[in-house]
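Chain by chain, the residues:
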Amino acid sequence: GELADAFADLQQAIWQSDQKALSLGALRRRLAGFRPDLFENFEQQDVHEFLAFCLDGLHEDLNRVSVRPPPQTEEEERQDEALAAQREEDAENFRAALSWMRDLERGR
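Residues numbered from 1 in each chain as written. Predicted model: local features only at pLDDT ≥ 70, side-chain atom pairs only at ≥ 80, totals over all residues. Heavy atoms only, no water.

Student: Explain helix α2 (residues 25-34) to me, and be specific about the residues and the numbers.
Tutor: An α-helix turns once every 3.6 residues. As a result, residues three or four positions apart point the same way. Here α2 has its buried residues at Leu-27, Leu-31 and Ala-32. Seen from one end, α2 has its buried residues packed into an arc of 130°, which puts them on one side. Structural note: α2 exposes Arg-29 and Gly-33 on the side pointing more than 90 degrees away from its buried face. (Buried < 20%, exposed > 50% of the residue type's maximum accessible area, 1.4 Å probe, protein only. Helix = DSSP H or I, 4+ residues; strand = E, 2+ residues; numbered from the N terminus. Arc of directions from axis to C-beta.)

Student: So what's going on with the environment of Trp-100? Residues and values would help.
Tutor: Tracing the chain through its elements places Trp-100 in helix α5 (residues 91-106). Overall, Trp-100 belongs to the partly exposed group, its relative accessible area being 41%. Placed 93 residues apart in sequence, Trp-100 and Phe-7 show a C-alpha to C-alpha distance of 9.5 Å. Beyond its immediate stretch of four places on either side in the chain, Trp-100 contacts Phe-7 and Leu-62. (Contact = heavy atoms within 4.5 Å.)

Nothing here speaks to function; it is all geometry.
Written as structure tokens, this is what we have:
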């Protein structure tokens, strides 16, 4: 679904970009398209509701996959390890995000 696509785009922007800062305006607009009420006022309790919405939406989107994709090949795993090695300063977090991105791509 669209929420999973938005999350995949965010992961790609975070982990495959050399930018020091990200503009999240496009993500905010996409998410506001689903639940505009979450962005009306910026009160603290809205963060909990926002995260619950995102996690529930991702869960729903990812469970809609009717045909499961094949598992990652050894070649893909080697490519991922090579990418992670290039980002030595935060390799473990990069591997985790890359794994999420691969899972999201398979669900498209």
